[in-house]
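What follows is each chain in one-letter form.
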Amino acid sequence: MTKTIDEKEAFIALRAQGYSFDKIAEKIGVSKPTLISWQADFDEQIKEARYFEVENIINKYELMRNTRFEAHARLLKKAIDELINRGDDTELECLPVKDLLSLIDTLEKRLTKDMDQTNLTVE
């Protein structure tokens, strides 16, 4: 029995996503021995599809990292502005200066770490 192109494409996509032969057999209704045979036949296509799966995850992470970096940068600016304002006032409200200094130090370290990570390349 000839398997359809759709079944083969589904196999490639599911293998790229890390599904086991058993799960794929269950999902697309093709026997496990056939799937094992397809693994050899479609190895290059699976590797390529897996690459794009990983690339999508990395892109999603980059977005999250960029968003986190921006949030830390904004918060750092506000914390520094608040420290400057408090330095001009005689009253210190809410957060003790030592805690504000600690927050600034923590945010600067996080921003530096994120900046270092943005220099990494994925091959």
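Just above, that's the structure.
Throughout what follows, the structure given in this document is the object of discussion. Keep in mind the model is a prediction, meaning the values are calculated, not measured.

### Concerning the packing of aromatic side chains
Argument step 1. With the rule as written, the count across this model stands at three aromatic pairs.
Argument step 2. With a centroid separation of 5.6 Å and 65° between ring planes, the pair formed by phenylalanine 11 and tryptophan 38 is classed as edge-to-face. With phenylalanine 11 in helix α1 (residues 5-16) and tryptophan 38 in helix α3 (residues 32-41), the pair connects residues that are 27 residues apart, well separated along the chain. For the pair phenylalanine 11 and tryptophan 38, a shared accessibility class is recorded, and that class is buried.
Argument step 3. Above the face of the phenylalanine 21 ring, arginine 15 is positioned so that its terminal group lies 4.1 Å from the ring centre.

### Concerning the side chain of glutamine 39
Argument step 1. Along the chain, the position of glutamine 39 falls in helix α3.
Argument step 2. Assessed through its relative accessible area of 18%, glutamine 39 is described here as buried.
Argument step 3. Separated by 2.8 Å, the side chains of glutamine 39 and arginine 15 make a polar contact.
Argument step 4. Leave out the neighbours within four places in its chain, and glutamine 39 touches Phe11, Arg15, Phe21 and Ile46.

### Description of α3
Argument step 1. Leu35, Trp38 and Gln39 are the residues of α3 that are buried. Here the buried residues of α3 occupy an arc of 110° about the axis, which is enough to place them on one side. α3 presents Pro33, Ala40 and Asp41 as exposed residues on the side facing more than 90 degrees away from its buried surface.

### Regarding the environment of glutamine 45
Argument step 1. Position of glutamine 45 relative to the elements: it lies in helix α4 (residues 43-88).
Argument step 2. A relative accessible area of 38% means that glutamine 45 is categorised as partly exposed.

### Some points on α1
Argument step 1. For α1, built from twelve residues, the straight-helix expectation of 16 Å at 1.5 Å per residue is met to within 8% by its first-to-last C-alpha distance of 17 Å.
Argument step 2. Buried within α1 are the following residues: Glu7, Phe11, Ile12, Leu14, Arg15 and Ala16.
Argument step 3. One or two positions beyond α1, positive phi appears at glycine 18, with a value near 95°.

What counts, and at which threshold
Residues numbered from 1 in each chain as written. Predicted model: local features only at pLDDT ≥ 70, side-chain atom pairs only at ≥ 80, totals over all residues. Heavy atoms only, no water. Phe/Tyr/Trp six-rings, centres within 6.5 Å; stacked < 30°, edge-to-face > 60°. Helix = DSSP H or I, 4+ residues; strand = E, 2+ residues; numbered from the N terminus. Buried < 20%, exposed > 50% of the residue type's maximum accessible area, 1.4 Å probe, protein only. Lys NZ or Arg CZ within 6 Å of the ring centre and 35° of its normal. Polar contact = N/O pair within 3.5 Å; in protein donor to acceptor, adjacent residues only side chain to side chain. Contact = heavy atoms within 4.5 Å. Arc of directions from axis to C-beta. Expected span 1.5 Å × (residues − 1).

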